[in-house]
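As a plain string of letters, each chain reads:
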Amino acid sequence: MSRFRSLRWRLTFLYLGLLAVLLLAGGVAQYFAAREVLFRTNADVLASEYNAVFTAFRKANASRPAAALRALILSQQFTNELRSRNTSAAVFDLNGGQVALTPASLGTEQVPTLTTQAYIDAARSKPRAYYLATGSDGTTNYLVVLNVVRNGTRPVAVAQLAIPTSEIDQTLRADRLLAIVGSLLVLLVAGLLSPLIVARALHPLHQMSTTAGALAAGDYKQRVTVPKTRDEIGTLAVAFNQMAAGIDHAFEVRRRSEEQMRHFVADASHELRTPLTSLAGYIDVLGRRDMVDAETLQASLAAMQQESARMTRLVNDLLTLTRFESGKAPSRQPLQLDQFVNQALNELSLPDRGAVESRDIQPGVTVTADPEALKQVVTNLAQNALKYAPGAEQRWSVFTADGRAAIRLQDTGPGISRQDLPHIFERFYRGEKARDRSAGGSGLGLAIARSIVEAHQGTIEAASEPGQGATFTAWLPLAA
Ligand code: ADP
């Protein structure tokens, strides 16, 4: 039974119920309209019959004086002339008294009568189009038409013509039967078709509930077919698919970030393991010896210090990275970029560290930035150039373009290979050459630079042709 509680069946029953009510109302209205038309048409025929007979009667008796004509009208002879095969005739005086009557030549002997008042009213004012009366047997019904008989303009009597309604009733019965059979047929066809039509219209809803189940079970690629008709269900299907795409995207983002996190943790652990293993090794060696000579002790302690410094650097780098990647806004202040870069480069004293330095600093460029963080960007770029392009020229420039400020470092070193270039800003990524070189860092320098620049709503990019040096440009929004 519960399946009939579904929307599909509820809509079907509602539709069929409405259709049945409309068919019934239409049928009843049509029946009464047809009945009225049939009664009126027959009444008109009787009225015309009366007019024809009375006109002929007056003509035939035109020579008689008025009193004689009146007497003739109020006689059986007149009713005899008025009646026909199916039609009975009767004449009543102006007080409703019955004067003469003649039954129809065929059928029953009955002549129906109305109330005396009905005849009096008819004589006084215009009679109604027709009256209905029951015969003396109590079962036969008659259609009665009254006509005021006038001698000149003076009313003389009321003539009644009546026919049994059996033929009209028969026609109406046939009409009723036809209407009932037709309505039942219409209901049957509607009953067969409407569940199919409703099911078709509701199909996307079914699909949506199945798809929602699949989404809940973790299949985020499921979508519903959008029906061609852009009705409410079509709009719902479009919205549903948008929601499914949104969920899919959100989970994809989450999956990717979880994967990145896993990689990050694995890489960080890996990087930390190397100095830790090395420290453990030294401790182990020193611990096993009974006597350690001063030289070995000094060398071991120096190596251990180096490893611990390396670890500290790495941990600091990781902290910096997470600080900026968590999206925390750096404490920014207006910064004269020309002064700032000049000062940072002076502090780095690159020529003392073997680099050839040149500067092309445009004055009057202001940004809003965290000076400590921005200094780290400059430092990381400079140190990379010192590491990967030792002894080469470092050309530093500060300029504005497209409404943005730029800090650019161009070196004349060996450049970056094509395979490395797209990855150098990734965390822990070390270029091919850096990997087997002890001087190479942990692969976090450029990742930190990028996270700092991006925390300032800027971008950082690298360009390089192998053998032609490398160019790094950090773009920052200009101060308003
Ligand atoms: P690392 O700790 O290895 O220096 P970075 O993130 O700073 O990590 O740099 C990533 C890689 O980019 C380096 O391993 C190196 O291969 C490459 N790289 C960075 N700067 C330069 C440069 N100026 N010239 C050539 N290669 C560079």
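What you see is a predicted model, and the numbers here were worked out from it, not measured in a lab.

The rules we used
Residues numbered from 1 in each chain as written. Predicted model: local features only at pLDDT ≥ 70, side-chain atom pairs only at ≥ 80, totals over all residues. Heavy atoms only, no water. Pairing = 2+ DSSP bridges. Helix = DSSP H or I, 4+ residues; strand = E, 2+ residues; numbered from the N terminus. Axes fitted to C-alpha atoms, helices over the stretch in contact; angles between N-to-C directions. Salt bridge = Lys/Arg side-chain N within 4 Å of Asp/Glu carboxyl O. Phe/Tyr/Trp six-rings, centres within 6.5 Å; stacked < 30°, edge-to-face > 60°. Buried < 20%, exposed > 50% of the residue type's maximum accessible area, 1.4 Å probe, protein only. Lys NZ or Arg CZ within 6 Å of the ring centre and 35° of its normal. Contact = heavy atoms within 4.5 Å.

(A) Representation of the sheet that holds strand β4 (residues 141-151). One open sheet accounts for 5 strands, arranged β2-β1-β5-β4-β3; its pairing is antiparallel. The sheet terminates laterally at β2 (98-102) and β3 (131-134), the two strands that pair on one side only. For this sheet, the mean inter-axis angle between neighbouring strands, taken without regard to orientation, is 30°. Of the pairings in the sheet, the one linking β3 to β4 comprises 4 bridges and is antiparallel in character.

(B) Representation of the pattern of salt bridges in the model. Taken as a whole and assessed by the stated rule, the structure comprises 15 salt bridges. Residues arginine 256 and glutamate 252 are paired through a salt bridge, measuring 3.6 Å at the closest nitrogen-oxygen approach. Of this pair, arginine 256 and glutamate 252 both sit in helix α6 (residues 232-288), 4 residues apart, which is roughly one turn of the helix. Among the ionic pairs, glutamate 393 bridges to arginine 395, the shortest N-O distance being 3.5 Å. Counted as one network, the salt bridges with shared partners bring together Glu252, Arg255, Arg256 and Glu259.

(C) View of the packing of aromatic side chains. By the definition in use, this model includes 11 aromatic pairs. Measuring from centroid to centroid gives 3.8 Å for phenylalanine 92 and tyrosine 119, while their planes differ by 15°, and the two rings are stacked. Here the residue phenylalanine 92 occupies a position in strand β1 (residues 88-92), and tyrosine 119 occupies one in helix α4 (residues 116-124), the gap between them amounting to 27 residues. The exposure class assigned to tyrosine 119 is buried, which follows from its relative accessible area of 1%. Members of the aromatic cluster, joined through ring pairs, are Tyr50, Phe54, Phe57 and Phe78. The positively charged end of arginine 404 is found above the aromatic ring belonging to tryptophan 475, 4.3 Å away from the centroid.

(D) Spotlight on the sheet that holds strand β10 (residues 404-411). One open sheet accounts for 5 strands, arranged β7-β9-β10-β12-β11; its pairing is mixed. Of all strands in the sheet, those bounded by a partner on one side alone are β7 (356-361) and β11 (459-464). The mean angle between the axes of side-by-side strands here comes to 15°, regardless of whether they run parallel or antiparallel. In this sheet, strand β12 (residues 470-477) lies alongside β11 in antiparallel orientation, the contact comprising 6 bridges. Within the sheet, the bridge partner assigned to isoleucine 460 lies in β12 and is alanine 474. Packed on one face of the sheet, helix α8 (residues 337-348) meets β7, β9 (393-401) and β10 and runs near 170° to β7.

(E) Summary view of the pairing of strand β5 (residues 154-164). Of all 11 residues in β5, 8 are buried, a share of seventy percent or more. In the sheet, β1 pairs with β5 via 5 bridges, with the strands oriented antiparallel. Within β5, the residue paired with alanine 90 across the bridge is glutamine 160. Bridge count for β4 against β5 is 10 bridges, and the pairing is antiparallel. Along β5, the bridge assignment pairs tyrosine 142 with proline 164. Where β4 folds back onto β5 in an antiparallel hairpin, the turn is made up of 2 residues, including glycine 152, whose phi is positive at roughly 70°.

(F) Structural view of the environment of glutamine 376. Among the structural elements, glutamine 376 can be located in helix α9 (residues 371-388). Each C-alpha atom of the pair glutamine 376 and isoleucine 448 lies 8.4 Å from the other, and the pair is 72 residues apart in sequence. Leaving out residues up to four positions away in the same chain, glutamine 376 has contacts with Thr320, Ile448 and Ile452.

(G) Seen up close, unusual backbone geometry. You will see that phenylalanine 428, though not glycine, has its phi angle at about 65°, which is positive. For phenylalanine 428, a relative accessible area of 10% translates into the label buried. For glutamine 457, which is not a glycine, the phi torsion comes out positive at approximately 60°. Residue position: glutamine 457 is located in the loop between α11 (445-455) and β11.

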